[in-house]
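# Tertiary structure, described
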Number of protein chains: 2
Amino acid sequence: METIHLHHGSGGKLTRDLIRDLFVAQLSNGNAYCYGDSAIIDMPAGKIAYTTDAFVISPLFFPGGSIGKLAICGTVNDLAVSDALPVLLTASFIIEEGFPLNDLKNIVADMAETARLADVKIVAGDTKVVQKGQCDGLYISMSGIGIAPQDAEDKALGLWLEPGNKIILTGTIGDHGMAILNAREALGLQSELLSDCACLHKMLGGLRHWDFGVHFMRDATRGGVAMVLSELVEGKPYGIKIYEKDIPVRAEVNSMCDLLGFDPLYLANEGKAVLVVRQESAEAVVNYLREDELGKNACIIGEIQEEFPGMVVMDTLIGGHRVVDMPVGDQLPRIC
Amino acid sequence: METIHLHHGSGGKLTRDLIRDLFVAQLSNGNAYCYGDSAIIDMPAGKIAYTTDAFVISPLFFPGGSIGKLAICGTVNDLAVSDALPVLLTASFIIEEGFPLNDLKNIVADMAETARLADVKIVAGDTKVVQKGQCDGLYISMSGIGIAPQDAEDKALGLWLEPGNKIILTGTIGDHGMAILNAREALGLQSELLSDCACLHKMLGGLRHWDFGVHFMRDATRGGVAMVLSELVEGKPYGIKIYEKDIPVRAEVNSMCDLLGFDPLYLANEGKAVLVVRQESAEAVVNYLREDELGKNACIIGEIQEEFPGMVVMDTLIGGHRVVDMPVGDQLPRIC
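Residues numbered from 1 in each chain as written. Chains lettered and ligands numbered in written order. Predicted model: local features only at pLDDT ≥ 70, side-chain atom pairs only at ≥ 80, totals over all residues. Heavy atoms only, no water.

### Some thoughts on the packing of helix α2 (residues 67–80) of chain A against helix α3 (residues 101–118) of chain A
Axes are the key here: two packed helices are described by the angle between their axes and the distance separating the axes. Residue and element names in this part refer to chain A. At a minimum axis distance of 7 Å, the contact between α2 and α3 shows a crossing angle of 35°. For the pair α2 and α3, the crossing hand works out as right-handed. Residue-level contacts link Ile67, Gly68, Lys69, Ile72 and Cys73 of α2 to Ile107, Asp110, Met111, Thr114 and Ala115 of α3. When its residues are assigned to classes, the contact of α2 with α3 shows six nonpolar, two polar and two charged. (Axes fitted to C-alpha atoms, helices over the stretch in contact; angles between N-to-C directions. Helix = DSSP H or I, 4+ residues; strand = E, 2+ residues; numbered from the N terminus. Left-handed = near helix turned anticlockwise from the far one by under 90°. Contact = heavy atoms within 4.5 Å. Nonpolar A, V, L, I, M, F, W, Y, C, P; charged D, E, K, R; others polar.)

This is the structure in structure tokens:
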């Protein structure tokens, strides 16, 4: 079996060959991905969104995706929820000596395919190889640039939020977290559950064409929906009320959570966003989202309210109330 | 001793606190570094240079710098040799569980100071924590954006190179490689040798104000000067001749290379660039570079020639000739 050697990271001939035969061959877009120190790209004047993320997920291949697909989706989604049109990405690879070359090829192929479908270009990269035992197979760091509207910053800061605004979830939660846990720990739970790993920018970008009054968007990754909502109200003069009965969770995820003691609100998602929208257009936004395969389970799960400022409160299924805190411990390490 | 826990990478409260108390506190520039998924930045129309690099150097602290300083300098230099003015950076951290918090603070402080002196802003970041044994302390991935001139791409591709052009080195070579080897392997060589780790963009950027005919620039990092020159002539109808007697190498580096069997031409540098310039202005470029502390040992080391196309040939000190090949093996892993 062909594997990655330290020499592949030396900066010499083997590095150059790996870049040429794998990364450039798979990821290049015309001349965009080049051997130089930087890619050179024409940009229009205006605002950009600029983001970075490291991906250390385990296992590298999981039901519904791979670290390669996840790296593209995660970066694209960070730009999309900043209301930007993702256009350019970079990828840097930290690879453990002895990593199977075939796995690397499959991961890079996943990246290429996901980027192609998402209409984004990977324009620069870097490869480092570390000795055996100094990395768990492969880590990928991405950065991304998107074209942002003039008001992107105000929206990102949540300056437009006000009581009465509705909280929308674009679909079921916890799929990614539970799919990874099941794959990683070999729980033996027979399950068709897939990670929801997907690029949301086309669906979310379409919202711009309507006067929907979308005041805030955030993808609910590490920390889950609980973290997104908690951060949103922290130190604010308003709070959030959500309704457990309205939160879409697959029966399978619910059962696994019951069995293992997890709370879906805290589980990571890689293809779901939380939106805060003007009350009057909430139904229209949900209807718009449901037109898209990635938003078919979208629904309103709550609203911003003046009661309990700074807090997220959930009306539970059994008729009580519960405070949804910011997650403190780590439910699942290396989930993304 | 306070250390990094898995919880610091969970995306919950501890992650948020670490970002707020360390990364934002040290690295933020006004509102630029924010908690959102992306930084939003105003950009002028025109070309940008866009680069990425992963840093896995061992040890994390070394004579002349740290992984933090190196990460900033390395990224800034990749943009600078692309003829761009570096303006924005992102940083993503992969941290091993149990990593000393104090070391992380010192590294982030180094990044902040280096970025401040370099007039670049770190506008976005990410933090992942992996279990003990899944990373060797700390890896940092950077990306960077620079404002590039209209002709940056042609220069990056080396389209203007022609026989007669002079090859200039901005200073002594091998300092970084040997300083790291000495620090890492505890060779016991008493040495004042420091890594040359430095941001070159101000010195190199100044070249733009003169009609010097600088046709190509590249920093000589992994693979050293040998790799830069070999890539430059590979498959081209011209070759490069260099003169061993003109290549600036510190006496200390020379002795260590003799002792340990290394060749300075293949050693990594982190503050040295190779320039190819029009013959008539070569002396003027050297004089300009020598005005700068970072270029005080700049000199002409050879030229592009028609003899031996595709090859780098060196006239040796003892009066012979030697082909300088692309490095094949790895002289020193984890050098950057």
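Structure shown, so let's carry the discussion forward.
### As for the relation of the copies chain A and chain B
You can overlay chain A on chain B at an RMSD of 0.0 Å; the transform is a turn of 180° with a shift of 0.0 Å along its axis. Both copies of the chain, as the preceding transformation shows, are related through a two-fold rotation axis. Minimal C-alpha separation from the rotation axis in chain A is found for A:Ala45, amounting to 1.8 Å. (Least-squares fit on C-alpha atoms with pLDDT ≥ 70 in both.)

### Regarding the interface of chain A and chain B
Each partner contributes residues to the interface: chain A has 77 residues there, and chain B has 77 residues. Both sides of the chain A and chain B interface together cover about 6400 Å² of buried area, and 53% of this is carbon and sulfur. Looking at the side of chain A facing chain B, the largest losses of area belong to A:Ile40, A:Tyr50 and A:Arg222, adding up to 14% of the total buried there. At the junction of chain A with chain B, the criterion picks out eight salt bridges. (Buried area = accessible area lost by both parts, 1.4 Å probe. Salt bridge = Lys/Arg side-chain N within 4 Å of Asp/Glu carboxyl O.)

### Digging into the pairing of strand β11 (residues 273–277) of chain B
Residue and element names in this part refer to chain B. Along β11, five of the five residues are buried, which leaves the element largely enclosed by surrounding structure. Neither face of β11 is exposed, since Ala273, Leu275 and Val277 on one face and Val274 and Val276 on the opposite face are all buried. As defined by bridge partners, strand β8 (residues 166–169) adjoins β11 across four bridges and the pair is classed as antiparallel. Looking across to β11, one finds that Ile168 is bridged to Leu275. Where strand β9 (residues 214–219) and β11 come together, five bridges link them in antiparallel fashion. By the bridge assignment for β11, Val214 is matched with Val277. (Buried < 20%, exposed > 50% of the residue type's maximum accessible area, 1.4 Å probe, protein only. Pairing = 2+ DSSP bridges.)

### Quick notes on the sheet that holds strand β2 (residues 46–55) of chain B
Taken in spatial order, the five strands make up an open sheet running β1(A)-β2(B)-β7(B)-β5(B)-β6(B), and their pairing is mixed. The open sheet has two edge strands, β1 (39–43) of chain A together with β6 (121–130) of chain B, and neither has a second partner. Averaged over all adjacent pairs, the angle separating strand axes in this sheet is 20°, with direction ignored. Pairing of β2(B) with strand β7 (residues 138–148) of chain B, which is carried by nine bridges, proceeds in the antiparallel orientation. Considered in β7(B), the bridge of B:Asp53 is made with B:Met142. Along the sheet, helix α2 (residues 67–80) of chain B makes contact with β2, β5 (85–96), β6 and β7 of chain B, crossing β7(B) at roughly 30°. Contacting β5, β6 and β7 of chain B, helix α3 (residues 101–118) of chain B crosses the sheet at an angle of about 10° to β7(B).

### Concerning the pairing of strand β12 (residues 299–305) of chain A
All names here are of chain A. Summarising burial for β12: six of the seven residues are buried, a large majority. Alignment of strand β8 (residues 166–169) against β12, held across four bridges, turns out to be antiparallel. Bridged to Ile168 within β12 is Ile300. As paired elements, strand β10 (residues 239–243) and β12 share four bridges and run antiparallel to each other. Along β12, the bridge assignment pairs Gly239 with Gln305.

Purely spatial values, then, with no claim about function.
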